[in-house]
Structure formats: structure tokens, C-alpha cells
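Residue-level structure breakdown
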Amino acid sequence: MDFSSYLDLFVTEAREHIGVASALAAKEDEREAGDAGLRELFRHVHSVKGMAASMGFSAMSSLAHDAESLMDLVRQGRIAPKPKTRRILCDALACLERMIDRAEARQPVDDGERAPLQESLRGLLRGTIEPGAAEPVADPGGSALPAGTRAPSTPAGCVRLALIVSRNGAFPSVRAAVVLGRLSRLGTLMRIDPPMAALRTGRFDGRLQVTLVSDLPMRTLAAKVAALPEVDNFTLVPAEAPPEKIAPHVSNASLRVKADRLDAIIEDVLELMTAIGRVDSGLSVESPGSPLANATDSARLLARRAYDGLVDMRLVPFEVATHRLRRAADELSRRLGKPVELEVVGEDVRIDRSLLERLMDPLLHMVRNAIDHGLESPEARRAAGKPAAGRVRVEVLRQASRLAIVVEDDGSGLDPRRLKQVAIERGLLTPLEAVRLADAEALSLITLPGFSTVAETTEVSGRGVGMDVVKHAVEATGGRLRIEGRRGRGARFELVLPPTVALVQTYVVRAGGVSFAVPLAALSRMAPMDDQGTTWRDGRRFWNVGSEEVPVWALSDVLGLATAPQGSGMALIATSAQGITVGIEVDEVVGRREIVVRPLPLPLSTLPGYSGAAVMDDGSIVLVLDPAHLPLS
Amino acid sequence: MDLLYFQIGGAPYAIPLEAIADVSPAGPVHPVPLSPPAVLGLAERRGRAIAVIDLRSLLDDPETEARGAGNVMRLAGPLEGAALFVPAEVFSGSGTPATSGHVWIDGRLHALLDAEALVKRAATFH
């Protein structure tokens, strides 16, 4: 591994620690400093310090060290947890996070903000402790053990192995875990020093002593240890079996795996599941209880369990994103002089890590938007009989196979008439279209490209992300954006997301004799159609659902398939990319299926109307529809 | 250079071996509504859907005879996922460069196909 692959690992791991630390620091704001919380906070900052030091980022490790010292003194009661102390601590965490960002961008990590911040931090420290005591602890150089010694040819039995884990690069504790994993294949690990718990906290200087019971001859054992690339140096001597109980198995060690490697394994397991499904469908003539059928059943269950376990590894609690939302809200609240209460509900809901990464900017944008455009000034709020402080609420919901994130505020809401007016001014809508557009649909106008002016997006988001980009980002994950809001009553944005990226819940439908899959998350509802409920106007068919009149297209017409009699099928109700509620009629809904959706390959990758294709258990192919982008005309 | 070569409409064509991941007899192809006409549809290979491009329609072969048995030539590298439908008879051999866009194989001039250009053309061809 070269430096850059360590750097990626460092960035991911350090960001995670800072994320949790910032969330904890924010909690300390709310209740009085809890000792356990502080210890936990300390541990995360300590990890960042160690990791930064091993990467050679001395400014980062020095700042982390001072932050750590401050926490230590608070914990000892030598510094009071005053708001100022907390603020400096939070600033230090924010500064560390910016340094991580720069490390990721391959820029020098230090900047002008770090030095003055660290100065004030040290000022606090100086008030209580002796000068010099807060200097970073130098990394002690490991004293080399004698080189690999003689290797007796007798069966090894119980041996004592002292080794030095390679100091080439970062994360010696990760490599130690790898070494222990490999050693456990050579025999039974009886004792590990330092213990696993210490390895996990990152307090590890590279020296490891292991007591191992092995059936291999001493010579073979020595050769195997010598061949481990992670081991720099070792000694191997016979030992007496220790009386103490067997050390916990190495599987307790946590290993950090790059997401793309995990994804590659997930892909393989998915293919395995498909392959098993095909064996299964070939077995239909076998009697259900036959040994082969039973073995296939077991294989399917095991593959499914492996898949669920692997996917679970990709999940992180929403909490890791909370502090960034809070910080964005705080910054904007201060800048605009609008007091804001940000409430986050469902922080413990676990979300696919890559999904959360893709949604981070859209979420930040929506929170900033809510504060800037949604919430009124304190004066206007008081005049409207609302509390002066505006409320922004982010809620993460997981119900069965559905995952949703809601961002809502109690501000001025969305005014359909005003939105229509702006859309006309910007040439996105003709006055006639505006009249015809239902109020609920007018809310989606804000997701049209070009609805927000450039001046607005840069001022509001600072990142040039408009609501059209938010909508696009959500749809790119296979989800959709729902907007609700009434004038004066606040606005509500709901991101309806697929539960996992790869395995998607779909309805399998048929139209014109062809099967298609439609993701559940892409539909708002589904209902049988009948002739009485439909009317024709201007050559277009409309379906009356309650008080709504929804334009309906037959899927077989849209896709140029053999036409089935209209008006007797099922209507899939979805929202088009233009924000209009549309009905898509199919001949029948065959059933619900969970399928592995992959994007369409070249040269079809840009074909609108599809979100991908899936290979079914019997090897047949089904196209996955993207109702929002079907070319309806 | 190592090549695969075949005839379409009586004309000889060759494609560099390095551009090809594998060649196998064509199985069922699932049509994709609204796709460009040069794309026959999707075929299953190792649990994945690959897009099958009809080479004959891209090469403006005027013959309209029915597409019989053939091979699917899966492209390699960045074009992974795309495949060419080629005749049942495909040969491998080595050739020497001739005038631009052509190679000599066994004393006969073959038009050299560019996989990337073919895929691009298939996406825009109507």
C-alpha cells in the first residue's frame, strides 16, 4: 500500500471519530458535562491524535493533543465546563475537521486558523497547569528485539512469539489485528500482550507478544511467521502452556475495510444468490424434500445471511451527520440573526454509508434553505404569533423497507401563487400553464433547474446547490423528493429513499406482453382503473381519483409495445421529473419482488425512462422503470 | 497484432484481440424499448445484463436477411458491459498494419474496427 491509500483510510477513520466527537460535544452543550460522555469524547480525539501523528500531520496531532489536555482537566474538575471552554473545544473539533478535508484534497493540512485557536486553548491550559506539561508526547522509538533466532525442528506445542509489527506507514494496530488473524490460522492463540482492548484504542507501539499452541513443527512455524509481510522482526521460543484461560478469539478485533472492497464482496454474494436461484429453478422437477432441494435451500439461506451481514457493515447511524447539520444551522443562524432550534429525530437509525455521503450536501442545503428562506425574522414571527426562535426539524424514519428523511420548518411556508409568479418571470412557465397547474404541483416548481437564481444559491447554500440538484441527487439514489407546505404554516421536504442501494423492493408489472420492475420508492400509490373514472380531453386521457384529475399514459404506448385494451389495468401513480402527478397504466401487477438493480450498460446508460436492469433467478432479464423520467408526451 | 476477424455482408473486418473480453454463442436477447436501433437488447452473462450491439446495422450492411445464429463478443476494459453481435464464424490470427484503418491478414485487407467508436456510434445511431 502506498501513502495515498493510507491517506484515504486515515480520512475516513478520522472523519468518523471527529463526527462522533462533535456529536458528543454538542450533547455536552445540552446537559451538564457527563463524565462518561467526556471520556468517550476524549477517546475519539485521542484516536485522531494518534492517527494524525502516524501520518506525519504534526499540526493536527498537536491541536488534538491540546484539546485532549483540556478535556482531561475538565474531567478532573480543574477547569470549569464553562460555555467558553465548550466553544473552544467545538472550534478545535471544527478546525480538526477542516484539516482532514484539506488532507483529503492533498493540500497542506495546517492553515491560519489553527495557530490562534491553539493559542487560546493553551491560554486556558496555562491557567491551571505547569508550562511545558502540555507538550505533545514524543512517539517512543521501538527497541528492536533480536532477529529471528534458531528454529528447532521439533513439533512446536506451546510457544512464545515476540514480534514487531512493521512500522512502515500508518495504523500499526490494524496491522497487528491482521497479524493476529494470520497467526490464529497457525494455531490457538492463548495470550496476547498488549491485550486486544489496548490494540483497539490505538495505544500500541508495534511490539506484540503472543503465546500460541501449534501442531506445526517449530521450523515451519518460524518460516510462516517470517513470511508475514506485516512482521518486521520476531523471536520464537518454546514456552509452558499458561494456566490462565484462553484469550478471547481474534475475531473480536475490528478491521477497517475499504468500502469498495466490501462492495466487491457484496456484488459477489449477490451473484451467488442469483446463481443459487437458477439452480433452484432448475430443480422444479425434484421433489421438494429431496436432498438436493434441501441443500439448495440451505445455500440460499446462508447466502442471504451473508448478504444481510455484509450490508449491515455498510450502515452507520445518522448521528454521524448530525453535527454537520447543527454546525451549518448555527453558522447561518448567527450570520442572519435568526434564532433557530434544530431538532434531529432518529439519530440512531442506520443508513448506508455511501447513501448518507451522497445525501449530505442535499441535506445541508435543505437545512440552510429552511433557515434562510423558510424562517421569518424574529419580529415577523412574533407578529404572526409564533415563538421568536424558528424551528427546523430533521427526522429520519425507517419503516419496514422504507427509509425517509424529512426536513421541515415552521416558517412562512411555500406560497403556490408566488412560486407560479416567479416561474413565469423566469420563463419556466407560461401564464396559461400556471393557471392549469394545481397548487400541490406548483410546490415542485422550486426543483426546476433555473428556478433559483445564481445569486440566491451562492448566498444561501454557499455551494451552488439548488433544489434541482437536491432533487437530482435524491433521484440518483433511486428515491424521490416530496414537497408539502402551506402559506404561513411552514414547509416539509421528504426524501423517500431506497432501503439499500443494491437490493431494491419492486413491483413486477406487465405491459404489452413484456415484464418490467418498478421500484416501490418511485411510486406514490397504485390503483385499479375503470372506464367510468376516465375522461378524454384534448386527446389526453384523465383519470379522476377523488378530487384529483391525473393524466394517464398507457405504458405500452409510451414504450411502443403491443397495445392492450385500455382502462382495465392498474395505474401506477408517480411524480414526473416536471413535478406533475402522472398515472402510468400497465396491464397487470404480477407481484412484489426484491431484485438487484444495476445501471444499464453502455451504450444504453443514458437512455431515459429506466433506472437499470436486473437478472432474475431464472436468468431472464427485467428492465427497471424510472417513472419520473419516462418520455411522456 | 493479434486480431479476431470475420465477414459481414461479404466484407472482411477485424478487431484487436485486446479490445475483447470473451466471445460466446448468442443466447436470448431481451429487447429494450426506446433504445437506439443498433442495440438489439440485453443479454445475460454471469448474472449481469450486457448490451448487445448489432454490428451489421452499424456497418450499413444493406442486406436484410434475417439475423441467424451468431456470437456475442463482450468488450473489455472501460467498455465492459457492451457487446457486439457478430457472425457465427469468427477467426483469430495476427495481422500487420496497412493503410490507415486497415490490416493485412493472410494477404487479405481487412477493415479494422474501433470498439470505442462503435459503442459511441451505437448510442447516437438512428
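Residues numbered from 1 in each chain as written. Chains lettered and ligands numbered in written order. Predicted model: local features only at pLDDT ≥ 70, side-chain atom pairs only at ≥ 80, totals over all residues.

**Section: the overall build of chain B**
- A tally of helices and strands in chain B yields two helices and eleven strands.
- Listing the helices and strands of chain B from first to last along the sequence gives β-β-β-β-β-α-β-β-β-β-β-β-α.
- Counting contacts in chain B only where the partners sit at least 6 residues apart, residues at least 24 apart contribute 59% of the total. (Helix = DSSP H or I, 4+ residues; strand = E, 2+ residues; numbered from the N terminus. Contact = placed C-beta atoms within 7 Å.)

**A few points about the environment of Leu397 of chain A**
Residues and elements named next belong to chain A.
- For Leu397, the position within the fold is in strand S8 (residues 390–399).
- Look at Leu397 and you get partly exposed, because 15 C-beta atoms sit within 10 Å.
- Residues Leu397 and Val349, spaced 48 residues apart in sequence, show a C-alpha to C-alpha distance of 7.2 Å.
- If sequence neighbours within four positions are ignored, Leu397 has contacts with Gly346, Ala404 and Val406. (Buried ≥ 20, exposed ≤ 12 C-beta atoms within 10 Å, placed from the backbone.)

**Notes on the sheet that holds strand S6 (residues 70–75) of chain B**
Residues and elements named next belong to chain B.
- Overall, mixed pairing links the five strands, which are arranged S3-S6-S7-S5-S4 in an open sheet. Only two strands of the sheet have a single neighbouring strand rather than two, namely strand S3 (20–25) and strand S4 (39–45). This sheet shows a mean twist of 35 degrees between the axes of neighbouring strands, independent of strand direction.
- Here four bridges tie strand S5 (residues 48–54) to strand S7 (residues 82–87), and the two strands are oriented parallel to one another. Residue Ile53 lies in a different strand from S7, and its bridge partner there is Leu84.
- Seen against the sheet, helix H2 (residues 115–124) touches S4, S5, S6 and S7 and runs at an angle of roughly 90 degrees to S5. (Pairing = 2+ DSSP bridges. Axes fitted to C-alpha atoms, helices over the stretch in contact; angles between N-to-C directions.)

**Remarks on unusual backbone geometry**
- Cis geometry is found at the peptide bond from Asp193 of chain A to Pro194 of chain A, where omega equals 0 degrees.
- Looking at the secondary structure, you find Pro194 of chain A in the loop between strand S2 (188–193) and helix H7 (196–200).
- A cis amide bond, omega -5 degrees, links Leu602 of chain A with the succeeding residue Pro603 of chain A.
- The topology assignment puts Pro603 of chain A in the loop between strand S20 (588–596) and strand S21 (610–615).
- In this model, Arg106 of chain A sits at a positive phi of 60 degrees, which is unusual for a non-glycine residue.
- In this structure, Arg106 of chain A sits in the loop between helix H4 (83–104) and helix H5 (114–126).
- Its 8 C-beta neighbours within 10 Å are what place Arg106 of chain A among the exposed residues.
- Despite not being glycine, Asp106 of chain B shows a phi value in the positive range, around 50 degrees.
- Here Asp106 of chain B lies in the loop between strand S10 (102–105) and strand S11 (108–112).
- On the basis of neighbour count, Asp106 of chain B is assigned to the exposed category, with 10 C-beta atoms found within 10 Å.

**A look at the pairing of strand S16 (residues 540–545) of chain A**
All names here are of chain A.
- Here strand S15 (residues 534–537) pairs with S16 via four bridges, running antiparallel. By the bridge assignment for S16, Arg537 is matched with Arg540.
- The turn joining S15 and S16, which pair antiparallel and follow one another in sequence, is formed by two residues; a positive phi near 50 degrees is taken by Asp538.
- As paired strands, S16 and strand S17 (residues 548–554) are joined by five bridges and run antiparallel to one another. Along S17, the bridge assignment pairs Trp543 with Val550.
- Counting the residues between successive antiparallel strands, the hairpin from S16 to S17 contains two residues, one of them, Gly546, with a positive phi of roughly 60 degrees.

**Some points on the pairing of strand S22 (residues 621–625) of chain A**
All names here are of chain A.
- Of all five residues making up S22, five are buried, and the element is well covered by its neighbours.
- Residues Ile621, Leu623 and Leu625 line one face of S22 and the alternating positions Val622 and Val624 line the opposite face, and both faces are buried.
- Examined bridge by bridge, strand S13 (residues 514–519) and S22 share two bridges and lie parallel to one another. Within S22, the position partnered with Phe516 by the bridge is Leu623.
- The pairing of S21 with S22 spans five bridges and is classified as antiparallel. When the bridges of S22 are listed, Ala613 appears paired with Leu623.

**Remarks on the sheet that holds S10 of chain B**
Residues and elements named next belong to chain B.
- Overall, mixed pairing links the six strands, which are arranged S8-S1-S2-S11-S10-S9 in an open sheet. If you trace the sheet from one side to the other, it starts and ends with strand S8 (91–94) and strand S9 (96–97), each paired once.
- Two strands pair when backbone bridges link them, and strand S1 (residues 2–8) and S8 are joined in this way by four bridges, in the antiparallel orientation. Following the sheet pairing, Leu4 is matched in S8 by Ser92.

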